[in-house]
Amino acid sequence: MKPLRLALAATVALALTGCSASASGSPERSLDDPAKKDIAMRLVSSAENSSLDWKAQYGYIEDIGDGRGYTAGIIGFCSGTGDMLKVVERYAKARPGNALARFRPALRAVEGSDSHEGLGAAFTSAWTKAAGDRAFRAAQDAERDEAYFDPAVARGEADGLSSLGQFIYYDAYVMHGYADAKGSVGFRTMRAEALAAADPPSEGGDEEAYLNAFLDARVAAIRREPSHSDTSRVETAQRVFVREGRLQLETPLVWRVYGESFRISGG
């Protein structure tokens, strides 16, 4: 765990002294607990890939028509947002001369757009084939953790949130990014709107009330984005878990997203 994460976790631990067990009697664990993290990845994959098998998604790549160019990999890295380039750069450092390395200039050129210029079938084929390389999978894991998972979990811990709350933060990071961008609302703005409506647990607030305020802000953000309109990722999934009081992501988890039903029977 990084020093920042340690400091934040220590602060939260002090704030939650005397609350060491969930309502079900099981010990509370952060989302970076391996079992909890796997559940988080399966939940994200249900929305990003229509599958709970997130480990089968390293080679996934397509343009889904959301204005972000190609969407690919385990959490939907995009050619138009720059995180796909970061994955390719990580892979190039680990495996110099790999088949994706030559596309770095094209990925830099298309950032901020939905263009496929300099990429196309040669790039998508190389991406799919690279998924068989452990170093490429590790590059995706590392970018996911550094850019999305670790910051979301650290912020959730600092706000006194449970595993469910940390997951809700993480999924917002994945779909929207941290900061606002053209045509989209980022996690930072959603959290600010939630804080204006309810106190987080770290400030003595009720967690379920705060999470509903955050989800309200996220639904509003989704509806403001031209490339998104379906709010089931919130309303028939995360909001359900909040209502059921599954603050530790206790299984079974049953939800619907984008018209499909999913279930995780054991954690």
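Since the model is a prediction, treat every value here as computed from it, not as a measurement.

Looking at the overall build of the chain
And then number 1: Helix and strand content of the chain: 10 helices and five strands.
And then number 2: Taking all contacts inside the chain whose residues are at least 6 apart in sequence as the whole, residues at least 24 apart take part in 58%.
And then number 3: Element-wise, carbon and sulfur atoms account for 51% of the exposed surface of the chain, whose accessible area totals about 11700 Å².

Some thoughts on the layout of surface pockets
And then number 1: By volume, the largest pocket is sized at about 1000 Å³.
And then number 2: Around the largest pocket sit 39 residues that line it, and Arg-68, Cys-78, Thr-81, Met-175 and His-176 are the ones nearest its centre.
And then number 3: Looking at the lining of the largest pocket, the elements that each hand over two or more residues are α2 (34–49), α3 (83–94), α6 (134–158) and α7 (163–176).
And then number 4: It is α7 that provides the largest number of residues to the lining of the largest pocket, a total of four residues.
And then number 5: Grouping the amino acids of the lining of the largest pocket by side-chain chemistry returns 16 nonpolar, 14 polar and nine charged.

Observations concerning the side chain of Asp-133
And then number 1: For Asp-133, the position within the fold is in the loop between α5 (120–130) and α6.
And then number 2: For Asp-133, the side chain forms a polar contact with the side chain of Tyr-91, separated by 2.8 Å.
And then number 3: Beyond its immediate stretch of four places on either side in the chain, Asp-133 contacts Tyr-91 and Arg-95.

Focus: the sheet that holds strand β1 (residues 61–63)
And then number 1: Strand order in the open sheet formed by three strands is β1-β2-β3, and the pairing between neighbours is antiparallel. At either margin of the open sheet sits one strand with a lone partner, and together these are β1 and β3 (77–78).
And then number 2: Two elements, β1 and strand β2 (residues 70–72), share three bridges in a ladder whose sense is antiparallel. Bridge pairing in β2 places Asp-63 opposite Tyr-70.

Quick notes on the side chain of Asp-33
And then number 1: Here Asp-33 is to be found in the loop between α1 (3–15) and α2.
And then number 2: At a separation of 3.1 Å, a polar atom in the side chain of Asp-33 contacts the main-chain amide nitrogen of Ala-35.

Focus on empty space enclosed by the protein
And then number 1: Under the criterion given, the structure shown has one cavity of 30 Å³ or more.
And then number 2: Reported here for the largest cavity is a volume of approximately 80 Å³.
And then number 3: Looking at the largest cavity, the residues that line it are Leu-43, Ser-46, Ala-47, Phe-167, Asp-171, Arg-233, Ala-237, Gln-238, Phe-241, Trp-255 and Val-257.
And then number 4: The set of elements that each furnish at least two residues to the lining of the largest cavity consists of α2, α7, α10 (232–243) and β4 (253–257).

Re the nonpolar core
And then number 1: Residues Ile-75, Met-84, Leu-100, Phe-123, Trp-127, Tyr-170 and Trp-255 are the most contacted members of the largest nonpolar core, which totals 72 residues.
And then number 2: The residues contacting Tyr-170, other than those within four sequence positions of it, are Leu-31, Ala-40, Met-41, Val-44, Ile-75, Arg-144, Tyr-148, Phe-149 and Ala-152.

Quick look at the packing of aromatic side chains
And then number 1: The final tally for this structure, using the stated rule, is 15 aromatic pairs.
And then number 2: Summarising the aromatic geometry, the rings of Tyr-91 and Phe-136 are spaced 5.0 Å apart at their centres and angled 55° between planes, so their arrangement reads as tilted. Placement of Tyr-91 in helix α3 and of Phe-136 in helix α6 is noted, with a sequence separation of 45 residues between them.
And then number 3: Taking the relative accessible area as the measure of exposure, Phe-136 reaches 0% and is therefore buried.
And then number 4: For the ring pair Tyr-173 and Phe-187, a centre distance of 4.6 Å and an interplane angle of 35° mean the geometry is tilted. Taken together, the residues Tyr-173 in helix α7 and Phe-187 in helix α8 (residues 187–197) connect sequence positions 14 residues apart.

What counts, and at which threshold
- Residues numbered from 1 in each chain as written.
- Predicted model: local features only at pLDDT ≥ 70, side-chain atom pairs only at ≥ 80, totals over all residues.
- Heavy atoms only, no water.
- Helix = DSSP H or I, 4+ residues; strand = E, 2+ residues; numbered from the N terminus.
- Contact = heavy atoms within 4.5 Å.
- Areas by Shrake-Rupley, 256 points an atom, 1.4 Å probe, with all protein chains shown as cover.
- 1 Å grid on protein atoms, 1.4 Å probe; cavity = no way out; pocket = protein on both sides within 12 Å on 5 of 7 lines; lining within 4 Å.
- Points joined across faces, edges and corners; volume = space filled by probe spheres on them.
- Nonpolar A, V, L, I, M, F, W, Y, C, P; charged D, E, K, R; others polar.
- Polar contact = N/O pair within 3.5 Å; in protein donor to acceptor, adjacent residues only side chain to side chain.
- Pairing = 2+ DSSP bridges.
- Core = buried A, V, L, I, M, F, W, Y, C linked by side-chain atoms within 4.5 Å.
- Buried < 20%, exposed > 50% of the residue type's maximum accessible area, 1.4 Å probe, protein only.
- Phe/Tyr/Trp six-rings, centres within 6.5 Å; stacked < 30°, edge-to-face > 60°.

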